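# Structure assessment
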Amino acid sequence: MRVLMIILVFGCVSGSLTPASSQVRLGIKAGLSTSDVPSSSLIILDERDAERFRLAVEDAKYGLHFGMFIQAQMGHFFIQPEILFNTVTMDYSVEDLQVISPRQIKDEIYRNLDLPLILGFKFGPVRIGGGPIGHLFLDSTSDLLDFADYSQDFDRFTYGWQAGVGLDIWKLHLDARYENNFNNYGDHIVFFGREYKFSENPSRIIVSAGISF
């Protein structure tokens, strides 16, 4: 239901961005992202407050996104709302501190609906802009659930910001952006009923290409 409401709002925004003095383009886009992951590790305590696991980010794999955008230009000013399905895979290393055993690598895959709203200025084919982004959590799959005492507690909606440059060549649209978020990385992690999180805010480098109609 919430996804349907967002799509309806996106449609209303597109209808409101069509004054006679503006140029409006509707298009689709897709791309890749790389995440800046924390180098620190978390010490997981068991129910007796003894050190049980050491958890660290092993690798951040490329994220994929695709969706649609609306670009409205009024003079040199432009506004570009987007709705994108985004998936990201993270590898975690888990070391059992109570048993001598090899370090394990566990995958987690996150799926979100990303809602950036980019505002800025356009000079010829070049765009420079930035704005807020919302992330609506959809679902996830995790190898960490192999541990009986692990659970997840995702915030349903989180916020951040994006800034970057773009290039419009006829109906082709290229973008490169930096994203930073206001929540701490890994704040969904719960072991033995305790919540854990890394100290860093999650950030990404995002590149995408789109076509307008």
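Residues numbered from 1 in each chain as written. Predicted model: local features only at pLDDT ≥ 70, side-chain atom pairs only at ≥ 80, totals over all residues. Heavy atoms only, no water.

### Points about the pairing of strand β4 (residues 63-74)
Bridging between strand β1 (residues 23-36) and β4 involves 11 bridges; their strand directions are antiparallel. Across the sheet, I28 pairs through a bridge with M68, a residue of β4. Of the strand pairs in this sheet, β4 and strand β5 (residues 77-96) are connected by nine bridges, and their pairing is antiparallel. Looking at β5, one finds that M68 is bridged to I83. The loop that links β4 with its antiparallel partner β5 comprises two residues; one of these, G75, has a positive phi angle of about 70°. (Pairing = 2+ DSSP bridges. Helix = DSSP H or I, 4+ residues; strand = E, 2+ residues; numbered from the N terminus.)

### Considerations on the pattern of salt bridges
For the structure shown, the criterion picks out 19 salt bridges. R194 is the salt-bridge partner of D49, the closest N and O atoms lying 2.0 Å from each other. Placement of the pair is D49 in the loop between β2 (41-45) and β3 (51-60) and R194 in strand β12 (residues 194-196), with a sequence separation of 145 residues. (Salt bridge = Lys/Arg side-chain N within 4 Å of Asp/Glu carboxyl O.)

### A few points about the sheet that holds strand β11 (residues 189-191)
With respect to topology, three strands assemble into an open sheet ordered β8-β11-β12, the strand pairing being antiparallel. A single partner strand is all that each edge strand has here, and the edge strands are β8 (150-152) and β12. Strand-to-strand twist in this sheet, taken as the mean axis angle between neighbours without regard to direction, amounts to 35°. Relative to β11, β8 runs antiparallel, the two being bridged by three bridges. What sits directly across from S151, in β11, is V190. (Axes fitted to C-alpha atoms, helices over the stretch in contact; angles between N-to-C directions.)

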